[in-house]
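Each chain, letter by letter, is given below.
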Amino acid sequence: MVKISLSRLRQDLTALAHFGRAPGGGVSRPAWSPAHEEARAWLLARMKQAGLETWVDPTGNTFGKLGDGAPAVLTGSHIDSVPDGGPLDGALGVLAGLECLRTIREAAVPLKRPLTVVAWSDEEGRYQSLFGSRAFTGKLKMADIPKMRAPDGDRLVDAMARAGFNALEAPRAAVDPRTLAAYVELHIEQGPHLEARGIPIGVVEGIVGIRRNRIVFQGEPDHAGTTPMARRKDAFLAAAEYALRARELVVKGGSGRSVTNFGAVEVKPGVTNIVPARAALLQEMRELDPEVLARLDRECAALAGRVAKRRRIRVTVQRLSRNEPARLAHEVQRAIEAAAARLQLRTLRMASGAGHDAQNLATITKAGMIFIPSKGGRSHRPDEASDPRAIERGANVLLHTLLNLAS
Ligand code: HGY
Ligand code: MN
Ligand code: MN
């Protein structure tokens, strides 16, 4: 039975993790950054060494293909990372996909369909969530591109220009769905369930939708010493009250799986002796059921209005990005389960609390995902890790899933 080379895959994972190595040992490889572009060049060279046909599309999605024609079976993930993240989030899916195509080519396994591996642009959404796969699946609106920017204000148009891309060309990356037969992505679970159950392979049934909003409370700057407490219009306190009550609303009023958090807070003028005049929150909420997600979004916006009114200040809610929940294809789930059975590995059908490019691919082709356990359920942090045996099992399940789908 054909199997991947774990040592070669681990060499690639170690090599990729060097690009954007942060002082604390984590990986900081934001989309379009010099570290990301060096990693892209390294990946293209590895794909060429593996004998694949390579290309980069107008959105910076990077492809390696084994075989000719269409429709192709697509696999992959992303090589951009969160700030100070781990070495496996995204990298595992891209490099295990490359290892599978290399292994299939070396073993000269006959294929009915070509196989393509891809690294999607800006999956983590420094500028725009799931950007590369959003463009590839035809969802990118030209008018939105000039508005896309990082939390520090850096514009997508400028970041892509620094990397040699014209952002306004990005919508040209949209493909004809008929060029695809299926998509399957290997990823670390980034949560505790597989490890807790001692099950080596997760078969993903659905991926949560994610709504990201900026909520800005506008109060009044006042002297922090002389202004009576009852007269203050303190924007930060409004934001703090909203954050705690919004969390309650999502936990109690959601599906029981619904989650929310406030990943960034900005208070202006940001000095101790002026009452905060402005407080901006970046809120994210996630849920598998689209109706529940839309209702929570509406209810949180209404709550923000009530909190502001009671405190006699103003509030605006700005939508930053929305990814709809996705149900993944039964046919691909069955192909993953058949591959795992062949390798005598137990599987667990589960939902993904993390967003993934597969949720965009699911709108134009049969899409699926394979999870492997994360040590301690940890991810998006330098000590993100998975057991080498778990990596080998996941890559071999991916290999046989691809063979099930392409031959
Ligand atoms: O944020 C996420 O869910 C994913 O890691 N991009
Ligand atoms: Mn991630
Ligand atoms: Mn990821």
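Keep in mind that this is a model prediction, so the values were computed, not measured. (Residues numbered from 1 in each chain as written. Chains lettered and ligands numbered in written order. Predicted model: local features only at pLDDT ≥ 70, side-chain atom pairs only at ≥ 80, totals over all residues. Heavy atoms only, no water.)

Across its full length, the protein holds eleven helices and 13 strands. Expected size for 407 residues packed as a compact globule is a radius of gyration near 22 Å; at 22 Å, the protein falls within 12% of this value. Judged by the C-alpha coordinates and their principal axes, the protein covers about 80 × 45 × 40 Å. For the protein, with 407 residues in total, the buried portion stands at 55%. The long-range share in the protein, meaning contacts at least 24 apart out of those at least 6 apart in sequence, stands at 79%. Entry remark: accessible area of the protein is about 17,100 Å², with carbon and sulfur atoms responsible for 53%. (Helix = DSSP H or I, 4+ residues; strand = E, 2+ residues; numbered from the N terminus. Rg over C-alpha atoms; globule rule 2.2 N^0.38 Å. Buried < 20%, exposed > 50% of the residue type's maximum accessible area, 1.4 Å probe, protein only. Contact = heavy atoms within 4.5 Å. Areas by Shrake-Rupley, 256 points an atom, 1.4 Å probe, with all protein chains shown as cover.)

Quick look at the domain arrangement of the protein now. Domain boundaries in the protein define domain 1 (6–208 + 325–406) and domain 2 (210–323). Look at where the C-alpha atoms of domain 1 and domain 2 centre, and you get two points 33 Å apart. Each partner contributes to the interface: domain 1 provides 15 residues, whereas domain 2 provides twelve residues. Summed over both partners, the interface of domain 1 with domain 2 buries about 1,000 Å², with 55% contributed by carbon and sulfur atoms. The largest contributions to the domain 1 side of the interface with domain 2 come from Ser129, Val208 and Pro325, which together make up 45% of the buried area. Here domain 1 and domain 2 share zero salt bridges between them. Among the residues forming the side of domain 1 that touches domain 2, the class breakdown is six nonpolar, six polar and three charged. (Domains from an automatic or database assignment. Buried area = accessible area lost by both parts, 1.4 Å probe. Salt bridge = Lys/Arg side-chain N within 4 Å of Asp/Glu carboxyl O. Nonpolar A, V, L, I, M, F, W, Y, C, P; charged D, E, K, R; others polar.)

Let us now look at the site of ligand 1. Close to ligand 1 lie Asp89, Glu123, Glu124, Arg212, Arg286, Ala354, Gly355 and His380. At 2.9 Å, a side-chain N or O of Glu123 approaches a nitrogen atom of ligand 1. In the model, an oxygen atom of ligand 1 is placed 2.6 Å from a nitrogen or oxygen of the Arg286 side chain. For ligand 1, the protein covers 94% of the area, taking 220 Å² as the surface of the free molecule. Among the residues making up the shell around ligand 1, the classes are represented as one nonpolar, two polar and five charged. (Near = heavy atom within 4 Å. Polar contact = N/O pair within 3.5 Å; in protein donor to acceptor, adjacent residues only side chain to side chain.)

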